[in-house]
Amino acid sequence: MDDGVSGLFAAPPLAEQERMVEAILFAAGKPQTVKEIGDRLPHGSEPEAALAALEKRYAGRGVALRRIGDAWAFRTAADLGFLMSREVEETRKLSRAAIETLAIVAYHQPITRAEIEEIRGVSVSRGTIDLLLELDWIKLGRRRMTPGRPVTFIVTRTFLDHFGLESAKDLPGVKELRAAGLLDNRPAPTAPEVAPEDPDARDQDELL
Amino acid sequence: MDDGVSGLFAAPPLAEQERMVEAILFAAGKPQTVKEIGDRLPHGSEPEAALAALEKRYAGRGVALRRIGDAWAFRTAADLGFLMSREVEETRKLSRAAIETLAIVAYHQPITRAEIEEIRGVSVSRGTIDLLLELDWIKLGRRRMTPGRPVTFIVTRTFLDHFGLESAKDLPGVKELRAAGLLDNRPAPTAPEVAPEDPDARDQDELL
Amino acid sequence: MPDDHAFDAHLDGLNGSAEGLVVDVDGFEGPLDLLLTLSRSQKVDLRRISVLALAEQYLAFIDAAKRLRIELAADYLVMAAWLAFLKSRLLLPPDPTDEGPSGEELAAHLAFQLQRLEAMRRAGAQLMGRDRLGREVFERGEPQAVGIRRKVVYEASLLELMQAYARIKTRDDFAPLHLKRGPIYTVEQAVERLRGLVGAMPDWAVLERYLPEGWRLDGKKRRSAVASTFAATLELAKRGALEIRQEAPFAPLEMRARAGERDDG
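Sequence order as written defines the numbering, with residues in each chain counted from 1. Chains carry letters and ligands carry numbers; both start at the beginning, A for chains and 1 for ligands, and go up in the order they are written. With pLDDT at 70 or above as the cut-off, local features in this predicted model cover only qualifying residues; side-chain atom pairs require 80 or more to be listed or tallied, and sums for whole chains, interfaces and linings still use all residues. Only hydrogens and water are set aside; all other atoms, that is, all heavy atoms of the structure, feed into the side-chain values.

**So, the overall build of chain C**
By the criteria applied, helices consist of DSSP H or I runs no shorter than four residues and strands consist of E runs no shorter than two, each listed in order from the N terminus. Secondary structure assignment for chain C yields eight helices and four strands. Shown N-terminal to C-terminal, the secondary structure of chain C runs as helices and strands in the order α-α-α-α-α-β-α-α-β-α-β-β. Relative accessibility decides the category of a residue: with a 1.4 Å probe and only protein chains considered, values under 20% of the type maximum give buried, values over 50% give exposed, and everything between is partly exposed. A total of 265 residues make up chain C; the buried ones form 40% of that total. Partitioning the contacts of chain C with sequence separation of at least 6, the portion at a separation of at least 24 is 55%. Accessible surface computed for chain C: about 15000 Å², of which carbon and sulfur atoms make up 52%. The contact definition used throughout considers only heavy atoms, calling two residues in contact when any of these lie within 4.5 Å. For accessible areas, the Shrake-Rupley method is used with a probe of radius 1.4 Å. Any residue's cover is judged against the shown protein chains and nothing else.

**Concerning the interface of chain B and chain A**
Accessible area lost when the parts come together is the quantity often used to give the size of an interface. Taken residue by residue, the interface counts 29 residues in chain B and 28 residues in chain A. Of the roughly 2500 Å² buried between chain B and chain A, counting both surfaces, carbon and sulfur atoms make up 57%. What makes a salt bridge here is a side-chain nitrogen of Lys or Arg within 4 Å of a carboxyl oxygen of Asp or Glu, nothing more. Of the charged contacts, one joins Arg61 of chain B and Glu22 of chain A as a salt bridge, the two residues approaching to 3.0 Å between their closest N and O atoms. Each polar contact in these results corresponds to two N or O atoms within 3.5 Å; when the atoms are within protein, one needs to be able to donate a hydrogen and the other to accept it, and residues that are neighboring in sequence are counted only if both atoms are side-chain atoms. Taken together, the links from chain B to chain A amount to 14 residue pairs in polar contact (both at pLDDT 80 or more). At nine residues, helix 2 (residues 14-27) of chain B tops the list of elements feeding residues into the side of chain B that touches chain A. A breakdown of the residues in the side of chain B that touches chain A according to their chemical character gives 17 nonpolar, three polar and nine charged. Note on terms: buried area is the combined drop in 1.4 Å-probe accessible area of two parts once they are placed together, counting the loss on both. For this classification, the nonpolar set comprises Ala, Val, Leu, Ile, Met, Phe, Trp, Tyr, Cys and Pro, the charged set comprises Asp, Glu, Lys and Arg, and every other residue, Gly included, is treated as polar.

**So, a nonpolar patch on the surface**
Residue and element names in this part refer to chain C. Note on patches: the residues involved have over 30% relative accessible area and no salt bridge, like charges join within 9 Å, and the nonpolar side chains Val, Leu, Ile, Met, Phe, Trp and Tyr join within 5 Å. There is a patch of nonpolar side chains on the surface, built from Phe230, Leu234 and Ile244 and spanning about 220 Å² of accessible area. Turning to its location among the elements, Leu234 is positioned in helix 8 (residues 219-238). Judged by its relative accessible area of 42%, Leu234 falls in the partly exposed class.

**Structural notes on the confidence of the model for chain C**
Residue and element names in this part refer to chain C. As a per-residue quantity, pLDDT reports the predictor's confidence and falls between 0 and 100. Predicted confidence across chain C gives a mean pLDDT of 78, with 85% of residues reaching 70 or more. When pLDDT is averaged over each helix and strand of chain C, the minimum, 41, is found for helix 1 (residues 2-15) and the maximum, 92, for helix 5 (residues 103-128). In this model residues 1-21 is a low-confidence stretch, pLDDT under 50, and it forms 19 contacts with partners more than four residues away in sequence or in other chains. On the interface metric, ipTM, the complex scores 0.65, and its pTM is 0.60.

**Observations concerning the interface of chain A and chain C**
On the side of chain C, 50 residues touch chain A, which itself brings 58 residues to the contact. Interface area, chain A with chain C, both sides summed: about 4900 Å², of which 63% is carbon and sulfur. A salt bridge links Glu139 of chain C to Arg75 of chain A; the nearest nitrogen and oxygen atoms lie 3.9 Å apart. The tally of links from chain A across to chain C stands at nine residue pairs in polar contact (both at pLDDT 80 or more). Elements represented by at least two residues in the side of chain A that touches chain C include exactly helix 2 (14-27), strand 3 (71-76), helix 5 (96-108), helix 6 (113-120), helix 8 (157-162) and helix 10 (201-207) of chain A. It is helix 5 of chain A that contributes the most residues to the side of chain A that touches chain C, nine residues altogether. Of the residues contributing to the side of chain A that touches chain C, the split by class is 36 nonpolar, 10 polar and 12 charged.

**Focus: unusual backbone geometry**
With an omega dihedral of -10°, the bond running from Gln109 of chain A to Pro110 of chain A counts as a cis peptide bond. On the secondary structure map, Pro110 of chain A appears in the loop between helix 5 and strand 4 (111-112). Positive phi outside glycine occurs at Asp136 of chain B, with the angle close to 60°. Positionally, Asp136 of chain B belongs in the loop between helix 7 (126-134) and strand 6 (138-140). In this structure Asp136 of chain B comes out as partly exposed when scored by relative accessible area, which is 36%. A positive phi is found at Arg149 of chain B, a non-glycine position, where the angle reads about 40°. Looking at where Arg149 of chain B falls in the secondary structure, it is placed in the loop between strand 6 and strand 7 (152-155).

**A look at the environment of Lys139 of chain A**
Residues and elements named next belong to chain A. Mapped onto the elements, Lys139 comes out in strand 5 (residues 138-140). In the structure, Lys139 is positioned 15 residues away from Ile154 in sequence and 5.5 Å away in space, judged by C-alpha atoms. Discounting chain neighbours no more than four positions away, the residues touching Lys139 are Leu133, Thr152, Phe153, Ile154, Val155 and Thr156.

**Considering the nonpolar core**
Note that soluble globular proteins tend to have their nonpolar side chains buried in a common cluster. In these notes, a set of buried Ala, Val, Leu, Ile, Met, Phe, Trp, Tyr and Cys residues joined through side-chain atoms within 4.5 Å is what counts as a nonpolar core. The biggest cluster of nonpolar side chains holds 44 residues, and the ones touching the most others in it are Phe74 of chain A together with Phe74 of chain B. When sequence neighbours within four positions are dropped, the list of residues in contact with Phe74 of chain A reads Glu22, Leu25, Phe26, Leu54, Tyr58, Val63, Ala64 and Leu65 of chain A, Phe26 of chain B together with Phe138 of chain C.

**Here's the deal with the sheet that holds strand 5 of chain A**
Residue and element names in this part refer to chain A. In this analysis, strands are considered paired if DSSP registers two or more bridges between them. With antiparallel pairing, three strands are arranged side by side in an open sheet as 4-6-5. The open sheet has two free edges, formed respectively by strand 4 and strand 5, since each of these has just one partner strand. Across three bridges, the pairing between strand 5 and strand 6 (residues 152-155) is antiparallel. Across the sheet, Lys139 pairs through a bridge with Ile154, a residue of strand 6. Contacting strand 4, strand 5 and strand 6, helix 5 crosses the sheet at an angle of about 90° to strand 6. Axis definition: a line fitted to C-alpha atoms, over the contacting stretch in the case of helices. Angles run 0 to 180 degrees between N-to-C directions.

**Considerations on the packing of helix 5 of chain A against helix 7 (residues 126-134) of chain A**
Residues and elements named next belong to chain A. Between helix 5 and helix 7, whose axes approach to 10 Å, the crossing angle comes to 65°. Judged by the sense of rotation from one axis to the other, the crossing of helix 5 with helix 7 is right-handed. Residues Ala97, Ala98, Thr101 and Leu102 of helix 5 form the contact with helix 7, whose own contacting residues are Thr128, Ile129, Leu131 and Leu132. Counted by class, the contact of helix 5 with helix 7 contains six nonpolar, two polar and no charged residues. In this scheme the crossing of two helices becomes right-handed for a clockwise turn of the near helix relative to the far one and left-handed for an anticlockwise turn of less than a right angle.

Shown next as structure tokens:
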């Protein structure tokens, strides 16, 4: 927009901006970022202020304005889910491996596949990562600046939306886990040669 | 729901029913009839009263509760429909005919169409004049007091603003343009066909 | 969780007599998972777990599996080897010449791994227990697509405007040379016209009277018509059709048909 021209027009009053944001978010199925909302409002509008006013207006209603990462969306109030039970499509039951992997990515992101395997103590099957990518719950983050430049995984806005989280900081128990040091990246003490990587482990085992 | 069981419980207060209807209509994939809504509400609820309360609550908001036939649905407020479309700006250059016509009007206003054609040496298409009128760069001036009383064209305030002029009189004359080096020593080729029509060029082309 | 049942079965087996031991490695997600399951039999907080006791439990489990000739995946055996090594480190007095981490450090790391895995399991269960989109929370059922309006913005600068005008104005300068005919009344036209009129000019009359229609008012046109008509008059006088007179310099030119050319003659 040309500032020289649009500057001639004043932004609409906040109450009107609030109505506009309400209409935009009602019509959108997916969460909209503050920037996306701002781009659709008249020049000079303040989407953050309008969103704050709107959030307050909908507090306690049957529909709530929810922040999802850097985006916002209207969602039905969680306590009314029982009314909607007829519309629930039976979601595929996630495997234990998938749930665990998802939790590990969410609490440790960005995380490499090797690190996921280190935490789980078992190799992560291709199918598990694929499924989580397909659900759009995890996505590729930046490559780790370590030898081999491995890819990392992070959780998505869809993940936050699905689990009703404002941000990864709101993950259940995340503060306690961090305080307990359980989210630290604690490398294994360098073990002597004898152990896991020894291809003759099986033979040794039989000696025991 | 089993009436025998739900009958044991009192219907929720109207405010709560209103929240429920709000959530149901928000999540519904299509408009819902009063009966459909009622079937989902706890036994003993009054969907009509809840709908009436909800309609009132949304009056004047960015989203309105609307009756569509015998069903109800949330719809964007009529005055905010423009938000539901995104504008994509596409910048285009004015055609040579259009800019020449515009220049002639600017330098010779008020000027009739016949006079523009005389200066350009070619006829001016209706589309060119229409585009310039639509852009609000030219407008109709007074009719010429000559036989046939032809309309004249003059440039607009919008034109002056766009080109950063105080008045059309500020446009430099041909001599000044030449002095300022704005006139090419050679005219632009009248038509791009020049080259292809060159028989030598054509032969060369065929050799390639 | 279906795994909980398998898990209970293991616990039962492990708590029972050696004969009743149920060994089903398929139910575990790897050695760490098996260790975590075994650790529960200690019925203490993982932070106070006895890694030594856990290592012994694990090795006993693997032994039982072997006795039953159960095929064990390599990583279970690798873990067994590592735990055997850890056990020896924990039991033997530390060797000052030994390099690498102490048995206690290794045991502490294993305990950390178990705690971390358990924390992640619990977190996963908590996540799944949240109000989830499409189950307890719903999005807009009738989302409205955003239409795209195309708006064309025309660009033109003052420079382009001036250049366009200059182009028009200079076009003629470079056009192939041909003389532009302004409003010119040719001598030929004048001769032709006057010849037709000669019969009707018996008396002296001023030249301007015989200018053609449409060439009398406009300055340029009039000048051209006067000049040509004068030239035509001279031509006709030479041919003997007209007489010309002028009473004084710059006085009006008068002419009449010569006798014999006149209609009445």
